[in-house]
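Each chain, letter by letter, is given below.
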Amino acid sequence: MDQFVLPSLPFGASPIEGLFSEETLHFHHGVHFKNYLDTAKKLSEGTEFAVQSLGEITIGASGALQRNAAQALNHDFYFKCISREKTAVPETLSQVLSDNFSSVEKFREDFISAAVNNFGSGWTWLIQSPQGLRIYSTANAGNPITSGFIPLLCVDVWEHAYYIDFRNRRADYLKAFFEHINWNFVAGNLK
């Protein structure tokens, strides 16, 4: 598969009531995500990065190419974290979350708080590190793979992810996001 081709939304192209309007999906997926892919492709042409995966480019490149590849990678991962239907947290993941955060509900509270307080534009992640699971926030195009961590879940807190539907109510967007997490995808990322 061409790493620079805009993938279809894993939950379908129609809006998700309470989370994404058609306008948000158009701009977030069809404009922002596509622009990062197109720019990364253009910047990689004629370099060794032209045939590498977005993850390899994110780890190995620098400057504008790295930032655009990382943003494309982040968006691809983010959209995979979303489910149209409410899903249950699989038992194995529930246990690991409880072991690391005392309960799934405490993880939810801590994750939302970290994302609300992630200053400016960026991403908030649930990552797996050698010390266990933890919440990890990055600015701009940051991705935890550049620090050797395994991403399990992420939420986009750039304003383009939520401003059309939620205006400046980031906390409300995050609560809606939590109702639509694809917990099977998250659990599948555990190593």
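Rules of the game
Residues numbered from 1 in each chain as written. Predicted model: local features only at pLDDT ≥ 70, side-chain atom pairs only at ≥ 80, totals over all residues. Heavy atoms only, no water. Salt bridge = Lys/Arg side-chain N within 4 Å of Asp/Glu carboxyl O. Helix = DSSP H or I, 4+ residues; strand = E, 2+ residues; numbered from the N terminus. Buried < 20%, exposed > 50% of the residue type's maximum accessible area, 1.4 Å probe, protein only. Pairing = 2+ DSSP bridges. Axes fitted to C-alpha atoms, helices over the stretch in contact; angles between N-to-C directions. Core = buried A, V, L, I, M, F, W, Y, C linked by side-chain atoms within 4.5 Å. Contact = heavy atoms within 4.5 Å. Polar contact = N/O pair within 3.5 Å; in protein donor to acceptor, adjacent residues only side chain to side chain. Phe/Tyr/Trp six-rings, centres within 6.5 Å; stacked < 30°, edge-to-face > 60°. Disulfide = S-S within 2.5 Å.

1. Brief notes about the pattern of salt bridges
Stage number 1. Tallied over the entire structure, the rule returns six salt bridges.
Stage number 2. Of the charged contacts, one joins Lys 106 and Asp 110 as a salt bridge, the two residues approaching to 2.7 Å between their closest N and O atoms. Remark: Asp 110 and Lys 106 occur in helix 5 (residues 104–116); sequence separation between them is four residues, near one turn of the helix.
Stage number 3. Taking the relative accessible area as the measure of exposure, Lys 106 reaches 33% and is therefore partly exposed.
Stage number 4. Owing to a relative accessible area of 26%, Asp 110 belongs among the partly exposed residues under this scheme.
Stage number 5. Notably, a salt bridge pairs Asp 172 with Arg 169, separated by 3.1 Å at the nearest N-O pair.
Stage number 6. When its relative accessible area of 33% is taken as the criterion, Asp 172 is described as partly exposed.

2. Things to note about the sheet that holds strand 2 (residues 132–139)
Two orientations exist for strands paired in a sheet by backbone hydrogen bonds: parallel and antiparallel.
Stage number 1. Spatially, three strands are ordered 2-1-3 in an open sheet, and the strand pairing comes out antiparallel. The sheet terminates laterally at strand 2 and strand 3 (150–156), the two strands that pair on one side only. Going across the sheet, the axis of each strand differs from the next one's by a mean of 20°, ignoring polarity.
Stage number 2. The pairing of strand 1 (residues 122–129) with strand 2 spans eight bridges and is classified as antiparallel.

3. Here's the deal with the nonpolar core
Stage number 1. In this structure, Tyr 78, Leu 126 and Phe 177 are the most contacted members of the largest nonpolar core, which totals 56 residues.
Stage number 2. Per element, the largest residue contribution to this core is six residues, and it comes from helix 3 (residues 63–80).
Stage number 3. With sequence-adjacent residues up to four places away left out, Phe 177 is seen in contact with Leu 19, Tyr 78, Ile 82, Phe 111, Leu 153, Cys 154 and Val 155.

4. Concerning the side chain of Gln 3
Stage number 1. As for its position among the elements, Gln 3 is in the segment before helix 1 (22–44).
Stage number 2. Only 3.0 Å separates the side chain of Gln 3 from the backbone oxygen of Ala 50, close enough to count as a polar contact.
Stage number 3. Here Gln 52 takes part through its backbone oxygen, which lies 2.7 Å from a polar atom of the side chain of Gln 3.
Stage number 4. The contacts of Gln 3, once residues within four sequence positions are left out, are Leu 37, Phe 49, Ala 50, Val 51, Gln 52 and Leu 54.

5. Structural notes on the packing of aromatic side chains
Stage number 1. This structure, assessed with the given rule, holds 18 aromatic pairs.
Stage number 2. With a centroid separation of 6.0 Å and 20° between ring planes, the pair formed by Phe 11 and Phe 20 is classed as stacked. The exposure classification of Phe 11 matches that of Phe 20, with both residues buried.
Stage number 3. Taking the centre distance of 6.0 Å and the plane angle of 45° together, the rings of Phe 77 and Trp 125 count as tilted. Taken together, the residues span a long stretch of sequence, with Phe 77 in helix 3 and Trp 125 in strand 1 at a distance of 48 residues.

6. Some remarks on the pairing of strand 3
Stage number 1. The element strand 3 is largely enclosed, with a buried count of six among its seven residues.
Stage number 2. Bridge count between strand 1 and strand 3: six bridges; the pairing is antiparallel. Bridged to Leu 126 within strand 3 is Leu 153.

7. Some details on the state of the cysteines
Stage number 1. A complete count under the given rule lists zero disulfides for this structure.
Stage number 2. Free cysteine Cys 154: the closest other cysteine sulfur is in Cys 81, separated by 4.8 Å.

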